[in-house]
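Tertiary structure, described
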Amino acid sequence: MLDRTEKPEVPKPQLPLQLDRRPCCIVSELLFDEEDLVLDGIVRWLLPDRALFREASRYILERRNDRVRLRILGEDHPARIIGTSRDGYELAFETPIPQETVVEWVDRYLTEE
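Now for a quick tour of the structure. What you see is a predicted model; the values in this text were computed from it and never measured. (Residues numbered from 1 in each chain as written. Predicted model: local features only at pLDDT ≥ 70, side-chain atom pairs only at ≥ 80, totals over all residues. Heavy atoms only, no water.)

**So, the environment of Ile 60**
Among the structural elements, Ile 60 can be located in the loop between strand S3 (50-55) and strand S4 (67-72). Residue Ile 60 is classed as partly exposed on the basis of its relative accessible area, which comes to 22%. Separated by 25 residues in the primary sequence, Ile 60 and Ser 85 place their C-alpha atoms 8.0 Å from one another. (Helix = DSSP H or I, 4+ residues; strand = E, 2+ residues; numbered from the N terminus. Buried < 20%, exposed > 50% of the residue type's maximum accessible area, 1.4 Å probe, protein only.)

**Observations regarding the sheet that holds strand S1 (residues 26-32)**
Spatially, the six strands close up into a barrel ordered S1-S2-S3-S6-S5-S4, and their pairing is antiparallel. Neighbour-to-neighbour, the strand axes of the sheet open up by a mean angle of 45°, direction not taken into account. Where strand S5 (residues 75-85) meets strand S6 (residues 88-93), six bridges bridge the pair, whose relative direction is antiparallel. Within the sheet, the bridge partner assigned to Ala 79 lies in S6 and is Phe 93. (Pairing = 2+ DSSP bridges. Axes fitted to C-alpha atoms, helices over the stretch in contact; angles between N-to-C directions.)

**Details of the pairing of S5**
Direction of pairing for S4 relative to S5: antiparallel, over a ladder of six bridges. Paired with Leu 70 across the two strands is His 77, which belongs to S5. Linking S4 back to S5 in an antiparallel pair, the connection comprises two residues, with Leu 73 at a positive phi of about 50°. The hairpin turn running from S5 into S6, its antiparallel successor, is two residues long.

**Quick word on the side chain of Arg 63**
Considering the arrangement of structural elements, one finds Arg 63 in the loop between S3 and S4. Polar side-chain contacts of Arg 63 include one of 2.9 Å to the side chain of Asp 66. Apart from the residues lying within four places of it in its own chain, the contact partners of Arg 63 are Phe 32, Glu 35, Ile 81, Gly 83, Thr 84 and Tyr 89. (Polar contact = N/O pair within 3.5 Å; in protein donor to acceptor, adjacent residues only side chain to side chain. Contact = heavy atoms within 4.5 Å.)

**A short note on unusual backbone geometry**
With a phi close to 70°, Asn 65 is a non-glycine residue in the positive phi region. Tracing the sequence through the fold places Asn 65 in the loop between S3 and S4. One non-glycine residue, Leu 73, adopts positive backbone phi at about 50°.

**Observations concerning the side chain of Glu 55**
Its location among the elements puts Glu 55 in strand S3. Arg 54 provides the closest opposite charge to the buried, unpaired Glu 55, separated from it by 6.0 Å. (Lys, Arg positive; Asp, Glu negative; His and termini not counted. Salt bridge = Lys/Arg side-chain N within 4 Å of Asp/Glu carboxyl O.)

**Examining the pattern of salt bridges**
Evaluated as defined, the whole model comprises 10 salt bridges. In this structure, Glu 94 engages Arg 67 in a salt bridge whose closest nitrogen and oxygen atoms are separated by 2.5 Å. In this pair, Glu 94 sits in the loop between S6 and helix H1 (99-108) while Arg 67 sits in strand S4, placing the two residues 27 residues apart along the sequence. Each member of the salt-bridge network shares a partner with another, and the members are Glu 29, Asp 33, Arg 69, Arg 71 and Asp 76.

**Let's talk about the nonpolar core**
Grouped burial of nonpolar side chains is what soluble globular proteins tend to show. One finds Leu 30, Val 43, Leu 46, Leu 70, Ile 72 and Leu 91 to be the most contacted residues of the largest nonpolar core, which totals 21 residues. Within the residue set of this core, elements represented by two or more residues are S1, strand S2 (37-46), S3, S4, S5, S6 and H1. Among residues more than four places away in sequence, those in contact with Leu 91 are Leu 30, Asp 49, Arg 50, Ala 51, Phe 53, Val 68, Leu 70, Ala 79, Arg 80, Ile 81 and Ile 82. (Core = buried A, V, L, I, M, F, W, Y, C linked by side-chain atoms within 4.5 Å.)

Okay, here's the thing in structure tokens:
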């Protein structure tokens with residue numbers, strides 16, 4: 001007989017996995033759409049919604065709010081430059097990269113700091 005006082009157990013929602021900025025080295029390109037400019041470099045850390053791109057030259061130009069595309073392993077990810085430092089360009093993606101993809105790429109290209 002079914003006990004109507006028991007409520008079915010509702011699964012608890014799982015908190016999203018918090019990813020750290022683990023150092024990696026993914027060869028990539030930063031494409032500036034309006035200037036027809038392509039910079040070769042590497043992604044130094046990668047999160048679903050952000051990345052740090054380091055240009056392969058000695059000098060980094062001060063840039064902010066430029067619309068760009070980050071080409072990682074042949075895939076273009078539209079983004080905006082939100083900051084520039086001596087470490088590179090910090091980018092915010094228009095559409096987050098799936099977390100599983102980020103984990104896979106960073107695990108594959110993980111480096112020591």
